[in-house]
Amino acid sequence: MGEEARGGSGTPPELVREAEVSLLECKVCFERFGHRQQRRPRNLSCGHVVCLACVAALAHPRTLALECPFCRRACRACDTSDCLPVLHLLELLGSTLHRSPAAPSAPCTPGVLTCHHAFGGWGTLINPTGLALCPKTGRVVVVHDGKRRVKVFDSGGGCVHQFGEKGDTAQDIRYPLDVTVTNDCHVVVTDAGDRSIKVFDFFGQIKLVIGGQFSLPWGVETTPQNGVLVTDAEAGSLHLLEVDFTEGALRRTEGLQAHLCSPRGVAVSWLTGAIAVLEHASTLGPGTSSTRVKVFSSSMQLIGQVDTFGLSLFFPSRVTASAVTFDHQGNVIVADTSGPAILCLGKPEEFPELKPMVTHGLSHPVALTFTKEKSLLVLDTASHSVKVYKVDWV
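Keep in mind it's a predicted model, so treat the numbers as computed, not measured.

Thresholds applied
- Residues numbered from 1 in each chain as written.
- Predicted model: local features only at pLDDT ≥ 70, side-chain atom pairs only at ≥ 80, totals over all residues.
- Heavy atoms only, no water.
- Phe/Tyr/Trp six-rings, centres within 6.5 Å; stacked < 30°, edge-to-face > 60°.
- Helix = DSSP H or I, 4+ residues; strand = E, 2+ residues; numbered from the N terminus.
- Buried < 20%, exposed > 50% of the residue type's maximum accessible area, 1.4 Å probe, protein only.
- Lys NZ or Arg CZ within 6 Å of the ring centre and 35° of its normal.
- Pairing = 2+ DSSP bridges.
- Axes fitted to C-alpha atoms, helices over the stretch in contact; angles between N-to-C directions.
- Arc of directions from axis to C-beta.
- Polar contact = N/O pair within 3.5 Å; in protein donor to acceptor, adjacent residues only side chain to side chain.
- Contact = heavy atoms within 4.5 Å.

**Q** I tried to follow the packing of aromatic side chains on my own but got confused; where do I start?
**A** In this description, an aromatic ring pair is defined by two values, namely the gap between the centres and the angle between the planes. A complete count under the given rule lists two aromatic pairs for this structure. Seen from their ring centres, Phe 163 and Phe 200 are 5.3 Å apart, and the 50° between their planes marks the pair as tilted. Of this pair, Phe 163 sits in strand β10 (residues 159-165) while Phe 200 sits in strand β13 (residues 196-200), and the two are 37 residues apart along the sequence. What makes Phe 200 buried here is its relative accessible area of 2%. Over the aromatic face of Trp 218 sits the side chain of Arg 264, whose NZ or CZ is 4.5 Å from the ring centroid.

**Q** What exactly am I supposed to notice about the sheet that holds strand β25 (residues 341-346) here?
**A** Sheets are built from strands paired through backbone hydrogen bonds, the pairs being either parallel or antiparallel. Here four strands make up an open sheet; going across it, the order is β23-β24-β25-β26 and the pairing antiparallel. Edge strands, defined here as strands with exactly one partner in the open sheet, are β23 (321-326) and β26 (355-358). Neighbour-to-neighbour, the strand axes of the sheet open up by a mean angle of 30°, direction not taken into account. The sheet contact formed by β23 and strand β24 (residues 332-336) spans five bridges and is antiparallel. Across the sheet, Ala 321 pairs through a bridge with Asp 336, a residue of β24.

**Q** What's the story with helix α3 (residues 84-93) in this structure? I'm lost.
**A** Owing to its 3.6 residues per turn, the α-helix aligns residues three or four sequence positions apart on the same side. Taken as a whole, α3 has its buried residues at Val 86, Leu 87, Leu 90 and Leu 93. In a view along the axis of α3, the buried residues occupy a sector of 130°, so they form one face of it. In α3, the exposed residues that point more than 90 degrees away from the buried face are Pro 85 and Glu 91.

**Q** What should I look at first to understand the side chain of Lys 151 in this one?
**A** Locating Lys 151 in the fold gives a position in strand β9 (residues 148-153). A polar atom in the side chain of Lys 151 sits 2.9 Å from the backbone oxygen of Thr 124. Discounting residues that sit within four places of it in the chain, Lys 151 has contacts with Gly 123, Thr 124, Leu 125, Val 140, Val 141, Val 142, His 144, Cys 159, His 161 and Gln 162.

Structure representation (structure tokens):
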């Protein structure tokens, strides 16, 4: 058999990468299958394939009974068998798997995201709730429960400015929920305390207070056209605000969506103009809340959605989304507080194409955003810090 047939240099790297991701990876632990004992692919009686280590982890220690993580059918660990087609494919591709580079066009996280540094910490930040990046300066803006509600950090994590006094006057911030920074460096904060939206210049001077229009403004995001998207969690709606930031005047408010279920987080893709909204439902009583990500086109047509139950069909543990953003390729990225983890859901038209991006080192992620250099910033409210993740190519 020739070298090309054995998976040598004639095998296209894209094909190898597709095989590696789609066929040669355990979809429970996301480790690559192999010939070693713990990574051998095993057929469950229902037909799904997982690695031997996951079979052992899922099985009851005495009865050896387990539930398929994909179709929920009852199986027994002793009834599993080697998946010969996968083992044969591993032999055919051979060493190509180890030397093929990750395809840059892969739909999600082509490398491994690792935490390079963190900043903040208790005292510097207190129970932070919102995170944004200034598009011009690259500085990081965080809202929290400190005496001054808005903190501005440089790229190294040093606090360079803070403003927004805790208080009851109109220009003060009572209880900030989220923050965004506009294209011309104005800071927009949603304040649940007086149910208003407050606009500051980047030096902390109040420019505009928008009150009396919202029941509970929550998520806020800047559009490529310098508009401001706002979710109203109590009214179940999404709004677009057109603001003259120089004059400090609200020009127009447009209702984009109604009948949403407690919408909180909102994000916009600068690549496609798509808008993602994170809904929260708790209709079944305490402790049974569910989340749903809805994605609309720039013309507000629904193009994709997935909820907690839908994700449970593809992921072995419950996913509770707490924040949403887009990466530079238009993939939807969510923070999961149940994991806790950061997950890539893929492009809206292909929902869900689930792949973990960060699975270690987080406690309670509540906000996330990407920098121009494609670093991922995650706001972890339990550790009162911002964590900076970068791709380590493998």
